[in-house]
Every structure is written in structure tokens, then in C-alpha cells.
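Single-letter residue listing:
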Amino acid sequence: MIALDILTDAFFAAVAGIGFGAISDPPLRAFKMIAILAAVGHACRFCLMTYLGIDIATASLFGGLVIGFGSLWLGKKVYCPMTVLYIPALLPMIPGKFAYNMVFSLIMCLQTVNEPDRLDKYMGMFFSNTMVASTVIFMLAVGATFPMFLFPGRAFSLTRHK
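Residues numbered from 1 in each chain as written. Predicted model: local features only at pLDDT ≥ 70, side-chain atom pairs only at ≥ 80, totals over all residues. Heavy atoms only, no water.

## Topic: the overall build of the chain
Counting its secondary structure elements, the chain contains 7 helices and 0 strands. Along the chain, helices (α) and strands (β) appear in the sequence α-α-α-α-α-α-α when read from the amino end. Oriented by its inertia axes, the alpha-carbon framework of the chain measures out at about 65 × 35 × 30 Å. Residues counted as buried form 39% of the 162 residues belonging to the chain. Only carbon and sulfur atoms are counted for the fraction: they give 74% of the accessible area of the chain, which is about 9100 Å². Across the chain, the 11 positively charged side chains and the 7 negatively charged ones have centroids separated by 22 Å. (Helix = DSSP H or I, 4+ residues; strand = E, 2+ residues; numbered from the N terminus. Buried < 20%, exposed > 50% of the residue type's maximum accessible area, 1.4 Å probe, protein only. Areas by Shrake-Rupley, 256 points an atom, 1.4 Å probe, with all protein chains shown as cover. Lys, Arg positive; Asp, Glu negative; His and termini not counted. Charge placed at Lys NZ, Arg CZ, Asp CG, Glu CD.)

## Topic: the packing of helix H2 (residues 31-51) against helix H4 (residues 82-90)
Where H2 contacts H4, the axes come no closer than 8 Å and their chain directions differ by 45 degrees. As far as their axial angle goes, H4 and H2 are oblique. In this structure, the crossing between H2 and H4 has a hand that is right-handed. Here Met33, Ile34, Leu37 and Ala38 of H2 come into contact with H4, specifically with Val84, Leu85, Pro88 and Ala89. Residue classes in the contact of H2 with H4 are distributed as 8 nonpolar, no polar and no charged. (Axes fitted to C-alpha atoms, helices over the stretch in contact; angles between N-to-C directions. Parallel < 35°, antiparallel > 145°, perpendicular 65-115°, else oblique. Left-handed = near helix turned anticlockwise from the far one by under 90°. Contact = heavy atoms within 4.5 Å. Nonpolar A, V, L, I, M, F, W, Y, C, P; charged D, E, K, R; others polar.)

## Side note on the UniProt feature "transmembrane region" (unreviewed entry) in the chain
Per the UniProt record, "transmembrane region" (unreviewed entry) is found at residues 6-23, 57-75, 87-113 and 125-151. Counting secondary structure, residues 87-113 comes out at 74% helix and 0% strand; the distance between its end C-alpha atoms is 39 Å. Between the end C-alpha atoms of residues 125-151 the distance is 40 Å, and the span holds 96% helix and 0% strand. (UniProt positions renumbered as here; feature names shortened; annotations may be inferred.)

## Considerations on a nonpolar patch on the surface
Judged by side-chain polarity, Phe20, Ile23, Ile87, Leu91, Ile94 and Ile137 come together as a nonpolar surface patch covering roughly 510 Å² of accessible area. Within the secondary structure layout, Ile87 lies in helix H4. (Patch = residues over 30% accessible without salt bridge, like charges linked within 9 Å, V, L, I, M, F, W, Y side chains within 5 Å. Salt bridge = Lys/Arg side-chain N within 4 Å of Asp/Glu carboxyl O.)

Here you go:
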């Protein structure tokens, strides 16, 4: 059952990664790698959160690192820049639930300005969801771009012949 949960998570992340990749019009040879990166990165985060109890921000950092290093390795194989591979692969990991709740609680704050008890509740929800969403997005960006800073020569030569 655990393996099925992980494979299901990876499959849907791969489908979403392909969809996000289609928007940015990468070369056809990159779609398979985008799907692999999205699946492996999202499955990594899923496993860390579900089975090891790690928080979403730290798990997202590790998922982003997997996608970043994977895009460095796979980019050379398909002759594509890292960003073409890792940006669509990262997008399924954006915490939509927290972003939605952030906007919802902001709207509710504006509607309950004259009711202090409800206003406090929605303000707390707003700041909590804002912190989670922005921290996760920051960690994804750090994880995915870290390999570029660690291996700058390799990262910027993926599309050059040696």
C-alpha cells in the first residue's frame, strides 16, 4: 500500500509537470525528463512528510535539491538548460492549499474588520498560511538553484559541445 501511495503521488506530479512544461514550450525531448524530475522530486517530498514526519518546508528543500541535481544530470543527456527542466518540475510542488487559504483569510479579514474576535482569527490564519507558502516556495527555489552555484561551469555548459 505504501508503494502504491508513492507511485500515485509520483504519477500525478509527472502529469502536472508535463502540463506545466507544455506551457513553456520546451523541446519535445525534454518532456520525459521533466516528468521524471517532477515525479521523483514530489515523491521525495511526499515520503519525507508522510513517513518521516518532516515539515513541508524542509521536505520541499530536499525535493528541490533532488530536482536541481537531477536537472543538472539529465540536462546534459537531453541537451537542455537546467531551467527548462527544473521549473516545470517544481511547479507541482507549489503549496496551493496554503496559498488559497492565505487569500481566503485575507478576504475574510477585510470582511470582518468590525468584529475583533473573527478578525483576530482570520489574521492569524493569514499570517500562518503566508509564512508556510512563502517559506516553501523559497526552499524550492533554493534547492533547485543550489546545484547551479555548486557546479557553475557544468550548469552553464549543458548545451555546449566539448
